[in-house]
Amino acid sequence: MLAFLLRRLLQAVVVMVAVAFIAFLLFQYVGDPVVFLLGQDARPEQIRQLRADLGLDQPFFVQFAHFLANAVRGEFGLSLRQGAKVSRLIGERLPATVELAVVAAVLAVAIGIPMGVYSALRRGTFLSQLFMMVSLLGVSLPTFLIGILLILVFAVTLGWFPSFGRGETVQLGWWSTGLLGRDGWMHIVLPAVTLAVFQLTLIMRLVRAEMLEVLRTDYIKFARARGLSDRAIHFGHALKNTLVPVMTITGLQLGGLIAFAIITETVFQWPGMGLLFIQAVTFADIPVMAAYLCLIALIFVVINLIVDLLYVAVDPRLRLSGAKGH
């Protein structure tokens, strides 16, 4: 296990350095932030002076080395748009994005797994066919359209939920949360459902396919021959053996929820990291964009490591193969 962790940590370092390099390289071509800061009418000497002050007149690898050294310490420089520390800006927006992603992930798992199990065990029923039709719509419709439709129905027409913002928040140290009050929950419902729809349908279809595959295996037939009840077979044997691929998808999708919440945050004006990233792209704010992508890469690396460790806990065969390998 120690050797496994060390290999994963080494891979994580390589991935993080590669992501930082690619991000920093690509963002050199999104526009000149100095022009955004000074405007088109700035004099050449003003442009040269500001580029020197920001360190943008140095060679690419020198800029990247400075960025990498600061990133290791959790510092990503100053935002070219707001003039504040990037780490502070991301720290202020991170709680909103994490809460939105976690609520969406809980909804997707809590609804998607039961729907998938039911669709596999009750094939051909009206409710099972309805679930499959809904899942097809959830996969097909773009996220922004789902958000707009939810706003139209539940915010504009019915007036049940707010259509934008995060609502009232409570400060717990450096972390701000809106989940301790009714107003915060009312504001998070529509964006969380919007973000969860695609993940929910994906998990449902995956669970259904895996359940159908497992139910055809020999050990399920032997379990029936031993006289085990359908409940024990379906939930004690079949469902448990579908958890490994489901954990893989769910873990990666949680990272995806955080990374790709940009559209949802834009539609609902949710004050998270996605909205900050969109604003940074508009202004060619290279430090914010690079820091955002590095943070997303770190989230994916950590989630992948956790999922790999959960494999060993769920599937005893992996523990046995590891022991034989040693």
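Residues numbered from 1 in each chain as written. Predicted model: local features only at pLDDT ≥ 70, side-chain atom pairs only at ≥ 80, totals over all residues. Heavy atoms only, no water.

**As for the packing of aromatic side chains**
Then step 1. Per the stated rule, a full pass over the model turns up 6 aromatic pairs.
Then step 2. On the numbers, 6.1 Å between centres and 25 degrees between planes, the contact of Phe21 with Phe61 is stacked. One end of the pair, Phe21, is in helix H1 (residues 2-26); the other, Phe61, is in helix H4 (residues 60-72), with 40 residues separating them in the sequence. (Phe/Tyr/Trp six-rings, centres within 6.5 Å; stacked < 30°, edge-to-face > 60°. Helix = DSSP H or I, 4+ residues; strand = E, 2+ residues; numbered from the N terminus.)

**Considering the environment of Phe144**
Then step 1. As for its placement among the helices and strands, Phe144 is situated in helix H7 (residues 143-157).
Then step 2. Sequence separation of Phe144 and Ile263 is 119 residues, and the distance between their C-alpha atoms is 6.3 Å.
Then step 3. With near-sequence residues (within four places) excluded, Phe144 lies in contact with Ile263 and Val267. (Contact = heavy atoms within 4.5 Å.)

**Some points on the packing of helix H6 (residues 126-140) against helix H8 (residues 182-215)**
Then step 1. Running from amino to carboxyl end, H6 crosses H8 at an angle of 135 degrees, the nearest separation of the two axes being 8 Å. Classified by the interaxial angle, the pair formed by H6 and H8 is oblique. Crossing hand, H6 versus H8: left-handed. Only Val197, Phe198, Thr201, Met204, Arg205 and Arg208 of H8 make contact with H6, whose side of the interface consists of Phe131, Met132, Val134, Ser135, Leu136, Gly138 and Val139. (Axes fitted to C-alpha atoms, helices over the stretch in contact; angles between N-to-C directions. Parallel < 35°, antiparallel > 145°, perpendicular 65-115°, else oblique. Left-handed = near helix turned anticlockwise from the far one by under 90°.)

**Topic: H8**
Then step 1. Under the 1.5 Å per step criterion, the end-to-end length of H8 is only 43 Å for 34 residues, more than 12% shorter than the ideal 50 Å.
Then step 2. Maximal helix bending in H8 amounts to about 40 degrees, located at Ala196. (Expected span 1.5 Å × (residues − 1). Bend = angle between axes of the 7 residues up to and from the residue.)

**Considering unusual backbone geometry**
Then step 1. In this model, Gln269 sits at a positive phi of 50 degrees, which is unusual for a non-glycine residue.
Then step 2. With respect to the secondary-structure elements, Gln269 resides in the loop between helix H12 (262-267) and helix H13 (273-283).

**Some remarks on the pattern of salt bridges**
Side chains bearing opposite charge may pair, as long as their charged atoms lie close to each other.
Then step 1. As enumerated under the stated definition, the model contains 2 salt bridges in all.
Then step 2. Residues Glu92 and Arg88 are paired through a salt bridge, measuring 2.6 Å at the closest nitrogen-oxygen approach. With Glu92 and Arg88 both in helix H5 (residues 86-121) and 4 residues apart, this pair spans about one turn of that helix.
Then step 3. Given a relative accessible area of 43%, Glu92 falls into the partly exposed group.
Then step 4. A relative accessible area of 44% places Arg88 in the partly exposed class.
Then step 5. Taking the shortest distance from any N to any O, the salt bridge between Arg166 and Glu99 comes out at 3.1 Å. (Salt bridge = Lys/Arg side-chain N within 4 Å of Asp/Glu carboxyl O. Buried < 20%, exposed > 50% of the residue type's maximum accessible area, 1.4 Å probe, protein only.)

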